4 protein chains.
Amino acid sequence: MSHNVAILGASGYTGAELVRIIATHPALRIVALSADRKAGMQMADVFPHLRHLDLPKLVTIEDIDFSDIELVFCALPHGLSQSLVRDLPRSVKVVDLGADFRLRDPAAYEKWYGAPHAAVELQKEAVYGLTEFYRDDIAKARLVAGTGCNAATVQFALRPLIEAALIDLDDIICDLKNGISGAGRSLKENMLFAERSTDVAGYSQGGKHRHLGEFDQEFSRIAGRPVEIMFTPHLVPVNRGILASCYLKGEAKALHAALAARYADEPFITVLPFGQAPGMGQVMGSNFCHIGVVGDRKPGRALVVATLDNLNKGSSGQAVQNANLMLGRPETEGLMLAPVFP
Amino acid sequence: MSHNVAILGASGYTGAELVRIIATHPALRIVALSADRKAGMQMADVFPHLRHLDLPKLVTIEDIDFSDIELVFCALPHGLSQSLVRDLPRSVKVVDLGADFRLRDPAAYEKWYGAPHAAVELQKEAVYGLTEFYRDDIAKARLVAGTGCNAATVQFALRPLIEAALIDLDDIICDLKNGISGAGRSLKENMLFAERSTDVAGYSQGGKHRHLGEFDQEFSRIAGRPVEIMFTPHLVPVNRGILASCYLKGEAKALHAALAARYADEPFITVLPFGQAPGMGQVMGSNFCHIGVVGDRKPGRALVVATLDNLNKGSSGQAVQNANLMLGRPETEGLMLAPVFP
Amino acid sequence: MSHNVAILGASGYTGAELVRIIATHPALRIVALSADRKAGMQMADVFPHLRHLDLPKLVTIEDIDFSDIELVFCALPHGLSQSLVRDLPRSVKVVDLGADFRLRDPAAYEKWYGAPHAAVELQKEAVYGLTEFYRDDIAKARLVAGTGCNAATVQFALRPLIEAALIDLDDIICDLKNGISGAGRSLKENMLFAERSTDVAGYSQGGKHRHLGEFDQEFSRIAGRPVEIMFTPHLVPVNRGILASCYLKGEAKALHAALAARYADEPFITVLPFGQAPGMGQVMGSNFCHIGVVGDRKPGRALVVATLDNLNKGSSGQAVQNANLMLGRPETEGLMLAPVFP
Amino acid sequence: MSHNVAILGASGYTGAELVRIIATHPALRIVALSADRKAGMQMADVFPHLRHLDLPKLVTIEDIDFSDIELVFCALPHGLSQSLVRDLPRSVKVVDLGADFRLRDPAAYEKWYGAPHAAVELQKEAVYGLTEFYRDDIAKARLVAGTGCNAATVQFALRPLIEAALIDLDDIICDLKNGISGAGRSLKENMLFAERSTDVAGYSQGGKHRHLGEFDQEFSRIAGRPVEIMFTPHLVPVNRGILASCYLKGEAKALHAALAARYADEPFITVLPFGQAPGMGQVMGSNFCHIGVVGDRKPGRALVVATLDNLNKGSSGQAVQNANLMLGRPETEGLMLAPVFP
């Protein structure tokens, strides 16, 4: 049995990654692709690597007939989904890959995104899309809000530790190394090859990154008290991947045991043997997340490292995983592509 | 139905790529993996990106029981396959990814590889593994010799043109740009990241590259007269990919028409619209080959550009494609993975 | 003694490279920097790597007082220099790094740049800035036209061979590998890191690249008959460098001898021992050009490879070399910076 | 006046960087170059980017006549300098770029390097080569021990803050991003281009990195009590550069003020305006170090970021800076090369 899906915002990197994943997914069928500025073009002209696929032409959203579409992936720039989703037929399920529905609290949304939310009711209805922790809600949801890619990586590392009260909540430091594709396809001088290829630099330092809104929401919820982590992303010259180095106060072996137990049955999350930490290259192009725990020479200090592919497990892979649940498919269907190395 | 296969030389890049492809192949089952120097290790320790797979431990070849193995992939360094294949049970089919069985003529082998062949009878029996041109022979073969990755790329560009007598056979110039993984995992100073990451340089210039043996054999056979191309590979700082720029004397539109006609029904080879040339990035991680033809401002001159992933279509993907044929499976089975971009 | 200079268009890559070179030049003093869109900013904010230098603030060209300026470097986008130079005081010497004055023939200019020239008299006055071949004219010139970076690389490889009538003029094929900085700092989707970092692709194939206008002009002039080469540039994922692989018909040893003799006394051009070809990484950040000659297995065929840094010897280094001549300074002054490796 | 110098271990990256810097240094003259395994070769064959220089041939150390040599740079693998320096004539000054003389305490040396020191008297005599903090001692020293490249970066960020008692000494977390050249030219599988170019991974996590010996020695000395930082380096796919992100407890503005005051007159160390953090790309190829301070949203928390080029300011540039002092030259002589960007 096949489910008809549409991708809105198909000319960006997460749109392309959705098409790449669905290309070998046995149960999803792409029946519409939108891209406002590139409407009228073939995907093969926008993304020559998808040339072998038989895909519908890019159109504007207005030109899509949603009547025979079961699920829509919204891979639109932040801010565009809220009114759009409001106007879709209620029969259509939605997986939103943007930031519009990640925060449940309208005040928090306005704080981090600088404007009031345009669809507050939907905001409340939306289920937070971190599959491994909201699986049941996602399966029943009409609207799922994909997480930020940084937010996913760090939550995989920390949620079980906060739940089990194993770490000092006031001293959580997360230093991230981020592949450039996370910045999307928009034109900025500092995203040019010549500017990035020999540079490594932090951005949004000092607690200004919007994914902090997600961290605050989720970690405070689990802990039952306010939790504010320090979080600094750094651009590194690779296309794909996030590596989060989390410096924690807690007993390293206990942290490792908690993570290993929590993820023992998760198909996409692997905890390495104690003392090993993963590299970004070992999950590239896949829906897997690898986590490692290393104890420090100072007792009571630990390093927890998590890595995933920002475009895949951090975005489009997560989206398909959620869509599988929403459509009643096996959760891993179409997502077992092995990482690409070298 | 499932076919048991073994991979000999599983700790190199083509070995890893075979495992990656077979990971989502519905009909192949890996029952043995060999790696002499790393025998006893788990694949997860040699290649952490394959950690999610349930794979047999690495062993020495001597420790493999071939009795229940239907097909063996040999991903061994050049020179090691010849005696090894000679000693395998005749019931086992073999796809060799190395150079040992590519040349049919013992004298040519000795000329290019500097030593007499150790299994001349097998050399004669081996079928040349360029699937799209030896499909029927491969389906019936016991031993298939995978082509060189450069050899595959350039042959896809030129064979139909030589067959149709559309180009000047005495003025064929092929300038290749080669991803670094083609050099394999062996330790050489000039393959270190620090040496290669800001360098582009030719190698084996002037007609010294061993793949010329394959070109001479194949092109002379098609043409019915000796053909010697000029061929220069250049290392470029990407992991995967070969881009062959072929400078030819012939009518560009006729060349395009011949290529388009020849490959119209090929599932893995795409000819772009006339005047467009492909980039290496659009086939990365896949079994696809893209070909383009551009006419020059000088009448009667044309540029034919072909690109593929050296580890996949140029080696391990081709090997699985051939194995599919040899085992009676659909030729494209397990090979439709879309390219990874960005 | 110190010479006051200005740089117009200082916010682009060639502008920054001029500042970098002049930073340790003992006799040039930067007294004005212009950048229209970034006027009012400090160079340290536009180019943080120049932060240690005491530089004038960026201004608009209109705000520059040219009365105490001896020489101006124009690093402006193509098309902007022609009227600008026309309006400068005649007392100011000009080194133009753009394309506006490279072609002497107004018809050729219009053919390649698609519009008539706005300062035809100046176009005729301008001296072509390939220092090693126009040294005496440059020393006496008021206006010097910097060459294209590709044009410089290929001319270093071929001029002595054409002058000595050692190669077949109807079969010159030049395949170039080009660092990305050659595309400048302008915002284009295909210049983003994520698009370029795993791609290698040709552009302006088939005789459409504007540097062909320079090749045609110069090579035909030397040969005394029309010469049209085949020339294809390819983007490779490095910041700096051009590697030109020139496929020629001629006796390799004779070509080598001619090049070695011609460049024996040139401080910036080195001819490698016969049979060796240079890599792009060995000239990065410098004003040097390395050339190698390799004979092919086919008698009468040769490969000549030349490499230089497009931003330095191919543009800003050449500009300073010419300025040194125009100002009566030693030609190599400030330009002996060794290449950066690794 | 010119000083004769020798470089021992000239075939490694720091050796090459010494030659590159000295190439335009007005007062140093290289009269001997050693490289045991490559003795007999020309530098141009080991490092083609140095081909334009007139350099002595590589020899073994035994073949060097030290009688007319004023200063020796030892760029040897760890462990080789100790006995070698012991045997040099006392008239020769020595700058050691390796680890042999960095730790003053024989017990600390044995703890971190796993063997007793072979020249304990020299170990005590050696001056720690962090120029900006040991300037006077270095000027009078016969033997200067170059710092670790990581050790230099982090000390530039932290020393003034520890001296001024502005940060919590029990909660110092330093996350480093390291260019690959820091691993040197030795052959390891995980240093191949194919392995590193799409990977980011930590190493020596958990307090095992040998540079911790330096941190412990220096920071405890300044603080007058034991100080143990958390320190994790990560390999990122660039050739050169270290970016240290230091997570501290202290008032960000006070930290900034202390750093700005301390480095106000330092020619090579720049403190950015408050709230800005540097990127690795802005010091590449130079002897500069850039430092930035950003306050966190959590009061009393700060991020201090320091970056330098590991081969230059972190090693060979520091060595020349120290040699300048030891030879009575101006400290900045030959070291004002501007960073290379892009």
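None of the values given here were measured: they were computed from a predicted structure.

## Some thoughts on the overall build of chain A
If you tally the helices and strands in chain A, you get 11 helices and 14 strands. Computed over its C-alpha atoms, the radius of gyration of chain A comes to 19 Å, within 12% of the 20 Å expected for a compact globule of 342 residues. Referenced to the eigenvectors of the C-alpha coordinate spread, the extents of chain A come out at roughly 60 × 45 × 40 Å.

## Some words on the pairing of strand β1 (residues 3-8) of chain B
All names here are of chain B. Pairing of β1 with strand β2 (residues 28-34), which is carried by six bridges, proceeds in the parallel orientation. Pairing of Asn4 across the sheet is with Arg29, part of β2. Following the chain from β1 across helix α1 (residues 13-22) to the adjacent parallel β2, one finds a crossover that is right-handed. By the bridge criterion, four bridges tie β1 to strand β4 (residues 71-74) in an arrangement that is parallel. By the bridge assignment, Ala6 is partnered in β4 with Val72.

## Structural notes on the relation of the copies chain A and chain C
Aligned on chain C, chain A shows an RMSD of 0.0 Å; the corresponding rotation is 180 degrees and the shift along the axis is 0.0 Å. Here the two chains are linked by the operation of a two-fold rotation axis. Here 100% of the interface residues in chain A have copies in chain C that are interface residues too; the copies meet face to matching face.

## Regarding the interface of chain C and chain B
Contacts between chain C and chain B engage 38 residues on the former and 38 residues on the latter. Here the side of chain C that touches chain B is composed, by residue class, of 17 nonpolar, 12 polar and nine charged.

## Considering the relation of the copies chain C and chain B
Expressed as a screw transformation, the operator carrying chain C onto chain B has a rotation angle of 180 degrees and an axial translation of 0.0 Å, and the superposed copies differ by an RMSD of 0.0 Å. A shared binding surface is used by both copies, with 100% of the interface residues of chain C retained as interface residues in chain B.

## Looking at the packing of helix α1 (residues 13-22) of chain A against helix α11 (residues 312-326) of chain A
All names here are of chain A. Between α1 and α11, the least distance of the axes is 9 Å, while the angle of their chain directions is 50 degrees. By the criterion of interaxial angle, the relationship of α1 to α11 is oblique. α1 and α11 meet at a crossing whose hand is right-handed. Here Thr14, Glu17, Leu18, Ile21 and Ile22 of α1 lie close against α11, whose contacting residues are Asn312, Ser315, Ser316, Gly317, Ala319 and Val320. Taken together, the residues of the contact of α1 with α11 break down into five nonpolar, five polar and one charged.

## So, the domain arrangement of chain A
Residue and element names in this part refer to chain A. As far as domains go, chain A holds domain 1 (3-147 + 313-326) and domain 2 (150-310). Put simply, the middle of domain 1 and the middle of domain 2, counted by C-alpha atoms, are 24 Å apart. Contacts between the two partners involve 19 residues from domain 1, matched on the other side by 22 residues from domain 2. For the side of domain 1 that touches domain 2, the secondary-structure elements that each account for two or more residues are α4 (106-113), α6 (131-140) and α11. Considered class by class, the residues forming the side of domain 1 that touches domain 2 number eight nonpolar, seven polar and four charged.

## Quick notes on the packing of helix α7 (residues 149-163) of chain A against helix α9 (residues 211-223) of chain A
All names here are of chain A. Here α7 crosses α9 at 15 degrees, and the two axes come no closer than 10 Å. Judged by the angle between their axes, α7 and α9 are roughly parallel. Between α7 and α9 the crossing geometry is right-handed. Contacts between α7 and α9 involve Asn150, Ala151, Val154, Gln155, Leu158, Arg159, Ile162 and Glu163 from the first element and His211, Glu214, Phe215, Glu218, Phe219, Ile222 and Ala223 from the second. Among the residues forming the contact of α7 with α9, the class breakdown is eight nonpolar, three polar and four charged.

## Here we look at the interface of chain A and chain C
At the interface, 15 residues of chain A touch 15 residues of chain C. Examining the composition of the side of chain A that touches chain C, we find that three residues originate from one element, helix α8 (residues 193-196) of chain A, more than from any other. Partitioning the side of chain A that touches chain C into residue classes produces eight nonpolar, four polar and three charged.

## Comments concerning the sheet that holds strand β9 (residues 201-202) of chain C
Residues and elements named next belong to chain C. The sheet built from seven strands is open, its strands ordered β9-β10-β8-β11-β14-β13-β12 with mixed pairing. Strands at the two margins of the open sheet, each flanked by one partner only, are β9 and β12 (269-271). Relative to strand β13 (residues 289-295), β12 runs parallel, the two sharing three bridges. Considered in β13, the bridge of Thr270 is made with His290. In the packing of helix α10 (residues 252-263) onto the sheet, the strands contacted are β11 (242-249), β12, β13 and β14 (301-308), and the crossing angle to β13 comes to about 160 degrees.

## Re the environment of Pro48(A)
Tracing the sequence through the fold places Pro48(A) in the loop between α2 (43-46) and β3 (58-59). Of the residues examined, Pro48(A) has 20 C-beta atoms within 10 Å and is grouped as buried. In this structure Pro48(A) touches Pro278(B) and Gln282(B), once residues within four positions along its chain are discounted.

## Here we look at the sheet that holds strand β13 (residues 289-295) of chain D
Residue and element names in this part refer to chain D. In spatial order, the strands read β9-β10-β8-β11-β14-β13-β12; together these seven strands make up an open sheet with mixed pairing. Where the open sheet ends on each side, the last strands, each with one partner, are β9 (201-202) and β12 (269-271). The sheet contact formed by strand β8 (residues 173-178) and strand β11 (residues 242-249) spans six bridges and is antiparallel. Looking across to β11, one finds that Cys174 is bridged to Cys246.

## Points about helix α11 (residues 312-326) of chain C
Residue and element names in this part refer to chain C. An ideal rise of 1.5 Å per residue puts 21 Å on 15 residues; α11 reaches only 18 Å between its terminal C-alpha atoms. At Gln318, α11 shows its largest kink, close to 40 degrees. Counting buried positions over the 15 residues of α11 gives 15, a clear majority of the element. In the segment just after α11, Gly328 is the residue with positive phi, at about 75 degrees.

## Details of unusual backbone geometry
Backbone torsion omega between Phe341(B) and Pro342(B) reads -5 degrees, so that peptide bond is classified as cis. Of note, Pro342(B) is situated in the segment after α11 (312-326). A positive phi angle is found at Ala165(B), which is not glycine, with a value near 55 degrees. Along the chain, Ala165(B) falls in the loop between α7 (149-163) and β8 (173-178). Classification of Ala165(B) as partly exposed rests on a count of 13 C-beta atoms within 10 Å. A positive phi is found at Ser204(C), a non-glycine position, where the angle reads about 50 degrees.

## Topic: helix α9 (residues 211-223) of chain C
All names here are of chain C. Counted at 1.5 Å a residue, the expected span for α9 with its 13 residues is 18 Å, and the 18 Å between its end C-alpha atoms agrees. For α9, the full list of buried residues reads His211, Leu212, Gly213, Glu214, Phe215, Glu218, Phe219 and Ile222. Here the buried face of α9 lies against α4 (106-113), α7 (149-163) and β10 (230-235). Just downstream of α9 lies Gly224, where phi reads positive at about 70 degrees.

## Considerations on the environment of Ala261(B)
Residues and elements named next belong to chain B. Here Ala261 is to be found in helix α10 (residues 252-263). Given 12 C-beta atoms within a 10 Å radius, Ala261 is considered exposed. Distance from Ala261 to Pro160, taken between C-alpha atoms, is 9.3 Å for residues 101 residues apart in sequence.

## A few points about the environment of Thr60(C)
Residues and elements named next belong to chain C. On the secondary structure map, Thr60 appears in the loop between β3 (58-59) and β4 (71-74). On the neighbour-count criterion, Thr60 (14 C-beta atoms within 10 Å) is partly exposed. In the structure, Thr60 is positioned 26 residues away from Ser34 in sequence and 5.2 Å away in space, judged by C-alpha atoms. Not counting the four nearest positions on each side in its chain, Thr60 is found in contact with Ser34, Asp36 and Ala39.

Criteria and thresholds
- Residues numbered from 1 in each chain as written.
- Chains lettered and ligands numbered in written order.
- Predicted model: local features only at pLDDT ≥ 70, side-chain atom pairs only at ≥ 80, totals over all residues.
- Helix = DSSP H or I, 4+ residues; strand = E, 2+ residues; numbered from the N terminus.
- Rg over C-alpha atoms; globule rule 2.2 N^0.38 Å.
- Pairing = 2+ DSSP bridges.
- Right-handed = clockwise from strand over helix to strand, strands pointing away.
- Least-squares fit on C-alpha atoms with pLDDT ≥ 70 in both.
- Contact = placed C-beta atoms within 7 Å.
- Nonpolar A, V, L, I, M, F, W, Y, C, P; charged D, E, K, R; others polar.
- Axes fitted to C-alpha atoms, helices over the stretch in contact; angles between N-to-C directions.
- Parallel < 35°, antiparallel > 145°, perpendicular 65-115°, else oblique.
- Left-handed = near helix turned anticlockwise from the far one by under 90°.
- Domains from an automatic or database assignment.
- Buried ≥ 20, exposed ≤ 12 C-beta atoms within 10 Å, placed from the backbone.
- Expected span 1.5 Å × (residues − 1).
- Bend = angle between axes of the 7 residues up to and from the residue.

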